[in-house]
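# Coordinate inspection notes
The chain contents come next:
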Amino acid sequence: MSANNVKQPQKNLPTGVKGALVGAGASCLVLKAGSGYGWMLRPPGAVAEDDFLKKCLRCGRCAHVCPYDAVKMGKLSDGLAIGTPFIVPREMPCYLCSDLPCVKACPSGALDPELKDPLKTRMGTAVISEREECLSIKGLRCEVCYRACPVIDKAITVENYLNVETGRHAIFEPVVHKKDCTGCGICEKACVLERPAIVVQPLQPPTESWYES
Ligand code: SF4
Ligand code: SF4
């Protein structure tokens, strides 16, 4: 699937559908880095975190133009630099718009204008964080994260091997390949479990500066 084939912008959805999506994500608003439920990510093209905090004007233009309302602006209660943009994939992932409107809207270079191809963005890397909970690794045919990935068969593949518990069946395990993972979080959003077994970790582990206002 190419970046152009991802689903339509949420802002084009009927109000009722959009409301339902927002409602479904509302319980995730309190997610914090390291909670085990997911991480907060910077938008596509974000430069290294220290530089980002210096360059970001806190103007909110990236959030304003995001057609999915994926980009939020940090408040005191969000636990990161106030007024800086972030994405919580479990609430609303980045759908990798082909024209990267958030990057184009950024006036300061905090989102690197050299990023032209959404599939080259690296917001983080997906990891199977709860192996014992993943339905596919348990031997059930789930693979929803694999099928949802816009870089299917590159960023996530499915590797199969014998289920030693039954000795007769195969396990089809989703495996993430860091080199091609954009960190969009579509897999995290798609995971059928209440607490996702696959989450996107930021490329740079959060440091104290991540939380400074
Ligand atoms: S690429 Fe599109 S969906 Fe992703 S953060 Fe930017 S505007 Fe939003
Ligand atoms: S975050 Fe998930 S869906 Fe997005 S590219 Fe990586 S593996 Fe694919």
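Definitions and limits used
Residues numbered from 1 in each chain as written. Chains lettered and ligands numbered in written order. Predicted model: local features only at pLDDT ≥ 70, side-chain atom pairs only at ≥ 80, totals over all residues. Heavy atoms only, no water. Phe/Tyr/Trp six-rings, centres within 6.5 Å; stacked < 30°, edge-to-face > 60°. Helix = DSSP H or I, 4+ residues; strand = E, 2+ residues; numbered from the N terminus. Buried < 20%, exposed > 50% of the residue type's maximum accessible area, 1.4 Å probe, protein only. Near = heavy atom within 4 Å. Nonpolar A, V, L, I, M, F, W, Y, C, P; charged D, E, K, R; others polar. Core = buried A, V, L, I, M, F, W, Y, C linked by side-chain atoms within 4.5 Å. Contact = heavy atoms within 4.5 Å.

Scanning all chains against the criterion turns up one aromatic pair. For the ring pair Y68 and Y95, a centre distance of 4.6 Å and an interplane angle of 45 degrees mean the geometry is tilted. With Y68 in the loop between α3 (61–65) and β1 (72–73) and Y95 in the loop between β2 (85–86) and α4 (101–105), the pair connects residues that are 27 residues apart, well separated along the chain. One exposure class covers both Y68 and Y95, and it is buried.

All right, on to the site of ligand 1 then. Around ligand 1, a shell composed of P44, C66, P67, Y68, V71, C94, Y95, L96, C97, L100, P101 and C102 is seen. A breakdown of the residues in the shell around ligand 1 according to their chemical character gives twelve nonpolar, no polar and no charged.

What follows is about the nonpolar core. In summary, soluble globular proteins display a tendency toward joint burial of nonpolar side chains. By size, the foremost hydrophobic cluster in this structure holds 45 residues, and its most contacted members are Y68, L111, M123, I156 and I198. For this core, the elements supplying multiple residues, two or more each, are α3, α4, β3 (124–128), α5 (144–148), α6 (186–190) and β6 (198–202).

We now examine the site of ligand 2. Around ligand 2, 13 residues are found, and the nearest of them are C149, I156, C181, C184 and C187. Residues of the shell around ligand 2, tallied by class, amount to ten nonpolar, three polar and no charged.

Our next topic: the environment of K178. Within the secondary structure, K178 sits in the loop between β5 (170–176) and α6. Judged by its relative accessible area of 58%, K178 is exposed. Sequence spacing of K178 and G124 is 54 residues, and the spatial spacing of their C-alpha atoms is 8.7 Å. Residue contacts for K178: discarding those within four places in its chain leaves R122, T125 and L203.

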